[in-house]
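Single-letter residue listing:
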Amino acid sequence: MAVRAEHEEASDRWVDAGPFRAQLLYLMASGSLSVDDVAAVAGISARLADRLLHGRNGRPLRRISPETARRLIQVSDQHVQALRRIIVPAASARLQLRRLYRAGWENLAIAQQVRVATPQLVELAAGADTCSLLLTVRLTAAARAEDSLRYRRRLSFLPMQRAA
């Protein structure tokens, strides 16, 4: 009985993923954003957002944590639509841009990834005072994706080193 009570208590901590999958799709459509962009705005991992959208191994994600649910539901369509119009200090965007430079990215590849004109990145790198919140979000999403990719590569390399 105690095991069953613990299991029921643990399952109470998770919520049905369906409505939040719909929220993710709605936010993507409302702001013409990628799944990574919405993940960055909501403060959830891009991998989790991708799994929510596409499932895992062909099976849809059935439940998500209440914290993930809260983060997604707190982002409104008005917020994602305003990302282009909200002007913010450029320091955070510049930091993300530098992370991409250090990872070996060049302006053209970054511009294509974040869907902006290359001169806008050059201006940001040169010390622009402000930029759109959307640019900050997209640079953050790109830098997070690069970090995740590098981490996965490092993990896949480690077992080979141990075997040698």
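Our structure's up above, just so we're on the same page.
Residues numbered from 1 in each chain as written. Predicted model: local features only at pLDDT ≥ 70, side-chain atom pairs only at ≥ 80, totals over all residues. Heavy atoms only, no water.

Right, let's get into the overall build of the chain. A tally of regular secondary structure across the chain gives ten helices and four strands. Listing every helix and strand of the chain by position from the N terminus yields α-β-α-α-α-β-α-α-β-α-α-α-β-α. Here the chain holds 164 residues, and 37% of them are scored as buried. Within the chain, contacts between residues separated by at least 24 positions form 76% of all contacts whose residues are at least 6 apart in sequence. When the accessible surface of the chain is summed, it comes to about 10200 Å², and 54% of that surface belongs to carbon and sulfur atoms. (Helix = DSSP H or I, 4+ residues; strand = E, 2+ residues; numbered from the N terminus. Buried < 20%, exposed > 50% of the residue type's maximum accessible area, 1.4 Å probe, protein only. Contact = heavy atoms within 4.5 Å. Areas by Shrake-Rupley, 256 points an atom, 1.4 Å probe, with all protein chains shown as cover.)

By the element assignment, Gln23 lies in helix H2 (residues 18-31). The residues touching Gln23, leaving out its near neighbours within four places in the chain, are Leu72, Ile73 and Val75.

Turning our eyes to something else, we now look at the pattern of salt bridges. This structure, assessed with the given rule, holds five salt bridges. Residues Glu67 and Arg71 are paired through a salt bridge, measuring 2.8 Å at the closest nitrogen-oxygen approach. You can see Glu67 and its partner Arg71 sitting in helix H5 (residues 66-73), four residues apart, about one turn around the helix. (Salt bridge = Lys/Arg side-chain N within 4 Å of Asp/Glu carboxyl O.)

End to end, H2 covers 20 Å across 14 residues, agreeing with the expected 20 Å (1.5 Å per residue, within 8%). Among all positions in H2, only Phe20, Arg21, Gln23, Leu24, Leu27, Met28, Ser30 and Gly31 are buried. As for H2, its buried residues are in contact with strand E1 (15-16), helix H3 (35-42), helix H4 (46-54), strand E2 (63-64), H5 and helix H6 (77-82). Immediately beyond the C-terminal end of H2, within one or two residues, lies Ser32, with a positive phi of roughly 50°. (Expected span 1.5 Å × (residues − 1).)

Next up on the list: the environment of Arg84. Within the secondary structure, Arg84 is located in the loop between H6 and strand E3 (87-89). For Arg84, a relative accessible area of 42% gives the class partly exposed. Sequence separation between Arg84 and Cys131 is 47 residues, and the spatial gap between their C-alpha atoms is 9.3 Å. In this structure the side chain of Arg84 is engaged in a polar contact, spanning 3.1 Å, whose partner is the backbone oxygen of Gly31. (Polar contact = N/O pair within 3.5 Å; in protein donor to acceptor, adjacent residues only side chain to side chain.)

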